[in-house]
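Inside the fold
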Amino acid sequence: MGPTHRALGAVFGVGYGVSMGLPVAGVVGCGVLGTLTAAGVTSPDVDQRRGWRLADTLTPDELLGGHGPMQHRGITHWWGVALVATAGWLTGLLPLAGDGGRGSLLAHAVGALLAGWWSHLVGDLVFGKADVRTGRGPGIPMMPWWGHVGLSLDVGGRLERLTQAGLWLVVAGQVLAQVGLLGRLLDAGRTVVAGP
């Protein structure tokens, strides 16, 4: 579901910012950007939008086999697309990150957006259900639009809702750690539990 994808996108985005050694504002900004490509029209779920569905109806992509690349959790959910985009970012944009200026801002913004896209794939790998009607398996495709694998946990169920809440706690912990408060809060909690 979208809210869980956004929470996971925030975790990946913040994690990206932390791993790149960005200041707190940059880390938080990366978390926000990660949510943008984790769910909705700018995510792999673009394949559920009206324009995509119309194009799918008008395109005989099913002739390519496996219900075609334009199906839901088809080509947009293939890890190969994300890998090619990431390789392009690594070679074309990440080298700009060292300039400290606009190049750095662009490189890290795109890196955070890619982190959000990857987070969507991870989320669907865990919670993406099989589609009995089309015969598509659970999760994401290992090949461009076929050969789906995943855990197939219940989408929208209790476990997903608990996971969503836990992910937001992880984001809070990541940010608190960046500003130096997580350790203090944990130490204070241990003191309260252990007593004076």
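A brief structural summary. Please read all numbers here as calculations on a predicted model, not as lab measurements.

Cut-offs applied
Residues numbered from 1 in each chain as written. Predicted model: local features only at pLDDT ≥ 70, side-chain atom pairs only at ≥ 80, totals over all residues. Heavy atoms only, no water. Helix = DSSP H or I, 4+ residues; strand = E, 2+ residues; numbered from the N terminus. Buried < 20%, exposed > 50% of the residue type's maximum accessible area, 1.4 Å probe, protein only. Contact = heavy atoms within 4.5 Å. Lys, Arg positive; Asp, Glu negative; His and termini not counted. Charge placed at Lys NZ, Arg CZ, Asp CG, Glu CD. Core = buried A, V, L, I, M, F, W, Y, C linked by side-chain atoms within 4.5 Å. Axes fitted to C-alpha atoms, helices over the stretch in contact; angles between N-to-C directions. Parallel < 35°, antiparallel > 145°, perpendicular 65-115°, else oblique. Left-handed = near helix turned anticlockwise from the far one by under 90°.

Regarding the overall build of the chain
Each helix and strand in the chain was counted, giving seven helices and two strands. Mapped from its N terminus to its C terminus, the chain presents α and β elements in the order α-α-α-α-α-β-β-α-α. On the principal axes, the C-alpha backbone points of the chain span a range of 70 × 45 × 25 Å. Counting all 196 residues of the chain, 38% fall into the buried class. In the chain, of all internal contacts separated by at least 6 residues, the share reaching a separation of at least 24 is 66%. Looking at charge distribution, the chain has the averaged site of its 13 positive side-chain charges lying 7 Å from that of its 11 negative ones.

Remarks on the environment of Q71
With respect to the helices and strands, the residue Q71 is situated in the loop between α3 (50-58) and α4 (79-93). Taking relative accessible area as the criterion, Q71 reaches 8% and is therefore assigned buried. Taking the C-alpha atoms as reference points, Q71 and V110, 39 residues apart in sequence, are found 26 Å from one another. Ignoring any residue separated from it by four or fewer positions in sequence, one finds Q71 in contact with D47, R53, D56, D61, G66, R136, W145 and H148.

Observations concerning the nonpolar core
Judged by nonpolar contacts, the single largest core of 15 residues is most densely connected at Y16, C30, L167 and V171. Sort the elements by how many residues they give to this core and helix α1 (residues 2-19) lands first, with six residues. Excluding residues within four positions of it along the chain, Y16 makes contact with C30, W89, A107, H108, G111, A112 and A115.

A few points about the packing of helix α2 (residues 24-36) against helix α5 (residues 102-127)
The geometry of α2 relative to α5 is characterised by a closest axis approach of 7 Å and an angle of 50° between their N-to-C directions. By the angle between their directions, the pair α2 and α5 is classed as oblique. The two elements α2 and α5 cross, and the hand of that crossing is right-handed. Each of C30, L33, G34 and L36 in α2 lies in contact with α5, whose residues at this interface are H108, A109, A112, L113 and G116.

The values reported here are purely geometric and, on their own, carry no functional implication.
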